[in-house]
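Structure assessment
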Amino acid sequence: MNKITARDIQVFVAGALGMWGFGLLSVIPSMIANIWDMGSIGPAVCVVRALVGGLALWLGGTIFFGRMQAVRLTQNLLRLCLILNCCGLVFTLVRVYLASKKPEFVGILIANIIGSAALFWLISLSRSPRFQVMPASTDKSTSQ
């Protein structure tokens, strides 16, 4: 039976980041077409989606091709996404409570938090000592 390696986990996270980034980038034309319907925050949302989507797609590709610096950048990106999504959830819930409005985007924010947390946990797990491969020690007694 084959064990799961750190590289297997990283490739899985790379695929998830690639899909996430492509999904964010693919809706930008629709957002640009409806930018004024989103109010004053519309352009900012569009720019942030483009930046995060492009970065996630790029990081997914670089992890897939084996760049270890991308793993650290991915951890930072996922940490930032977790913080921003949690802040967005708190802001949305406070707005719902104070203004008695319909809780918009709460389900999406919770799903984003769960997804970001799962990917962050996986990429952190791949860097843990448990998954690090130790180099084979050279036995000098057999080489004589």
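For the structure itself, look to the data block above.
Description of the structure in this document.

About the thresholds
- Residues numbered from 1 in each chain as written.
- Predicted model: local features only at pLDDT ≥ 70, side-chain atom pairs only at ≥ 80, totals over all residues.
- Heavy atoms only, no water.
- Axes fitted to C-alpha atoms, helices over the stretch in contact; angles between N-to-C directions.
- Helix = DSSP H or I, 4+ residues; strand = E, 2+ residues; numbered from the N terminus.
- Parallel < 35°, antiparallel > 145°, perpendicular 65-115°, else oblique.
- Left-handed = near helix turned anticlockwise from the far one by under 90°.
- Contact = heavy atoms within 4.5 Å.
- Nonpolar A, V, L, I, M, F, W, Y, C, P; charged D, E, K, R; others polar.
- Patch = residues over 30% accessible without salt bridge, like charges linked within 9 Å, V, L, I, M, F, W, Y side chains within 5 Å.
- Areas by Shrake-Rupley, 256 points an atom, 1.4 Å probe, with all protein chains shown as cover.
- Salt bridge = Lys/Arg side-chain N within 4 Å of Asp/Glu carboxyl O.
- Core = buried A, V, L, I, M, F, W, Y, C linked by side-chain atoms within 4.5 Å.
- Buried < 20%, exposed > 50% of the residue type's maximum accessible area, 1.4 Å probe, protein only.

This paragraph deals with the packing of helix 1 (residues 6-26) against helix 4 (residues 68-99). For the pair helix 1 and helix 4, interaxial distance at closest approach is 12 Å and the crossing angle is 55°. Between helix 1 and helix 4, the angle is such that the two are oblique. You can see that helix 1 and helix 4 cross each other, and the crossing is left-handed. On helix 4, the residues touching Gln 10, Val 13, Leu 17 and Trp 20 of helix 1 are Met 68, Val 71, Thr 74, Leu 77, Leu 78 and Cys 81. Residue composition of the contact of helix 1 with helix 4, by class: 8 nonpolar, 2 polar and no charged.

Counting through the fold element by element, Gly 15 comes out in helix 1. Residues Gly 15 and Ile 63, 48 residues apart in the sequence, show an inter-C-alpha distance of 9.1 Å.

Let us look at the packing of helix 1 against helix 5 (residues 106-126). The contact between helix 1 and helix 5 brings their axes to 8 Å, and the two run at 150°. The pairing of helix 1 with helix 5 is recorded here as roughly antiparallel in orientation. Between helix 1 and helix 5 the crossing geometry is left-handed. Here helix 1 contributes Ala 6, Ile 9, Gln 10, Phe 12, Val 13 and Ala 16 to the contact with helix 5, which in turn contributes Leu 119, Leu 122, Ile 123, Leu 125 and Ser 126. Here the residues of the contact of helix 1 with helix 5 sort into 9 nonpolar, 2 polar and no charged.

Let us now look at a nonpolar patch on the surface. A grouping of Val 90, Val 94, Tyr 97 and Leu 98 is seen on the molecular surface, where their side chains present a nonpolar patch of about 470 Å² in accessible area. Note on placement: Leu 98 falls in helix 4.

It is worth spelling out the nonpolar core at this point. Membership of the largest hydrophobic core comes to 18 residues, with the highest contact counts inside it found for Ile 9, Val 13, Leu 17, Ile 63 and Ile 123. Broken down by secondary-structure element, the contributors of at least two residues to this core are helix 1, helix 3 (42-64), helix 4 and helix 5. Not counting chain neighbours up to four residues away, the residues in contact with Leu 17 comprise Ala 56, Leu 57, Leu 59, Gly 60, Ile 63, Thr 74 and Leu 78. If you look at the next biggest cluster of nonpolar residues, it comprises 5 residues, including Leu 82, Leu 89, Val 106 and Leu 109.

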